[in-house]
Amino acid sequence: MIDEVQTGNGRTGKLYSYMHYGITPDIVSTAKGLGGGLPIGATLLGEKVEKMLGPGDHGSTYGGNPVACAAAYCVVSRLGDDFLARVQEKSDHIFSRLQGAAGIENVTGLGLMIGITTTKNNKEIVNKCIENGVLCLTAKEKVRLLPALNIEPEQLDKALDVLLEACK
Ligand SMILES: *Cc1c(COP(=O)(O)O)cnc(C)c1O
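Residues numbered from 1 in each chain as written. Predicted model: local features only at pLDDT ≥ 70, side-chain atom pairs only at ≥ 80, totals over all residues. Heavy atoms only, no water.

A look at the overall build of the protein
For the protein, the count of helices and strands is four helices and seven strands. When its helices and strands are written in sequence order, the protein yields β-β-β-α-α-β-β-α-β-β-α. Along the three orthogonal principal directions, the C-alpha set of the protein runs to about 55 × 35 × 30 Å. In the protein, which comprises 168 residues, the proportion classed as buried is 38%. Total accessible area on the protein is roughly 10,300 Å²; 55% of this is exposed by carbon and sulfur atoms. Considering the protein, the positive charge centre built from 17 side chains and the negative charge centre built from 19 side chains are found 4 Å apart. (Helix = DSSP H or I, 4+ residues; strand = E, 2+ residues; numbered from the N terminus. Buried < 20%, exposed > 50% of the residue type's maximum accessible area, 1.4 Å probe, protein only. Areas by Shrake-Rupley, 256 points an atom, 1.4 Å probe, with all protein chains shown as cover. Lys, Arg positive; Asp, Glu negative; His and termini not counted. Charge placed at Lys NZ, Arg CZ, Asp CG, Glu CD.)

What follows is the structure, encoded as structure tokens:
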């Protein structure tokens with residue numbers, strides 16, 4: 001059973017992150033990016049467990065509502081091979097610009113879910129980025145990047161300029 005709430009829907013450069021590891025889970029949970037901003041979650045059941053839930057077994061008041069489902073349908077229909085390849089290209093670009101740059105000790109992650117170990121305090125860096133119009137996050141001691149999957153390369157480079165300056 002794999003929780004893909006955060007890692008699913010192309011975030012790591014594949015449709016689901018388990019696809020990086022050559023495994024086939026029985027149950028996958030997905031949400032967040034699935035709705036492209038509208039609240040929706042879904043559970044995918046593989047062959048072994050597909051009969052465990054029947055219609056009405058897992059109801060909720062607004063569950064499966066047509067508006068959120070239309071949003072999810074739109075998101076999922078855009079997550080084709082070309083889109084995922086562009087996510088991976090942008091990821092490679094981020095890694096290559098950040099690795100070895102001044103003030104950056106290590107870059108980890110998959111796709112557009114990236115963690116950076118910095119020489120300077122991470123909160124200082126994030127505040128500096130926010131001052132200069134780039135929103136990023138902290139995660140424990142790291143700086144965390146989760147750019148929109150459809151970010152334009154020019155916009156990504158502008159953000160990386162700000163981040164690299166803040167890390168110096
Ligand atoms: C956000 C998140 C959840 C929780 O999702 P909710 O819809 O807020 O309950 C569960 N798992 C992971 C990995 C998450 O990132």
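A few points about the pattern of salt bridges
The final tally for this structure, using the stated rule, is five salt bridges. We note a salt bridge from Asp 157 to Arg 97, for which the minimum N-O separation is 2.8 Å. Taken together, the positions of Asp 157 in helix H4 (residues 153–167) and Arg 97 in helix H2 (residues 81–98) put the pair 60 residues apart, joining distant regions of the chain. The shortest N-O distance in the salt bridge between Lys 168 and Glu 165 comes to 3.2 Å. Note on Lys 168: relative accessible area 58%, which makes it exposed. (Salt bridge = Lys/Arg side-chain N within 4 Å of Asp/Glu carboxyl O.)

Some words on the domain arrangement of the protein
Each assigned domain of the protein is listed here: domain 1 (2–78) and domain 2 (84–167). The C-alpha-based centres of domain 1 and domain 2 are spaced at 27 Å. Contact residues are listed per partner, giving 11 residues for domain 1 and 11 residues for domain 2. Together, the buried faces of domain 1 and domain 2 total about 890 Å²; carbon and sulfur atoms form 59% of this surface. Linking domain 1 with domain 2 are zero salt bridges, by the criterion used here. If you look at where domain 1 meets domain 2, you find four residue pairs in polar contact (both at pLDDT 80 or more). (Domains from an automatic or database assignment. Contact = heavy atoms within 4.5 Å. Buried area = accessible area lost by both parts, 1.4 Å probe. Polar contact = N/O pair within 3.5 Å; in protein donor to acceptor, adjacent residues only side chain to side chain.)

A look at the sheet that holds strand E5 (residues 113–118)
If you walk across this open sheet you meet the four strands as E4-E5-E7-E6, and the pairing is antiparallel. Strand pairing shows two members of the sheet lacking a second neighbour, strand E4 (104–110) and strand E6 (137–139), which therefore form its edges. Neighbour-to-neighbour, the strand axes of this sheet turn through a mean angle of 30°, independent of strand direction. Sheet topology places E4 next to E5; six bridges connect them, and they run antiparallel. Looking across to E5, one finds that Thr 108 is bridged to Gly 115. Running over the sheet, H2 touches E4, E5 and strand E7 (142–145) and is turned about 170° from E4. (Pairing = 2+ DSSP bridges. Axes fitted to C-alpha atoms, helices over the stretch in contact; angles between N-to-C directions.)

As for the layout of surface pockets
As a volume, the largest pocket reaches approximately 430 Å³. As for the largest pocket, its lining consists of 18 residues, of which Asn 9, Arg 11, Gly 33, Val 75 and Leu 149 are closest to the centre. The element contributing the most residues to the lining of the largest pocket is helix H1 (residues 66–78), with three residues. Residues lining the lining of the largest pocket come from more than one domain, with at least three contributed by each of domain 1 (2–78) and domain 2 (84–167). (1 Å grid on protein atoms, 1.4 Å probe; cavity = no way out; pocket = protein on both sides within 12 Å on 5 of 7 lines; lining within 4 Å. Points joined across faces, edges and corners; volume = space filled by probe spheres on them.)

Quick look at the packing of H2 against H4
It is the contact of H2 with H4, at a shortest axis distance of 11 Å, that shows an interaxial angle of 25°. Considering the angle they form, H2 stands roughly parallel to H4. Between H2 and H4 lies a crossing of right-handed hand. Across the interface between the two elements, Lys 90, His 93, Ile 94, Arg 97 and Leu 98 from H2 touch Leu 156, Asp 157, Leu 160, Asp 161, Leu 163 and Leu 164 from H4. (Parallel < 35°, antiparallel > 145°, perpendicular 65-115°, else oblique. Left-handed = near helix turned anticlockwise from the far one by under 90°.)

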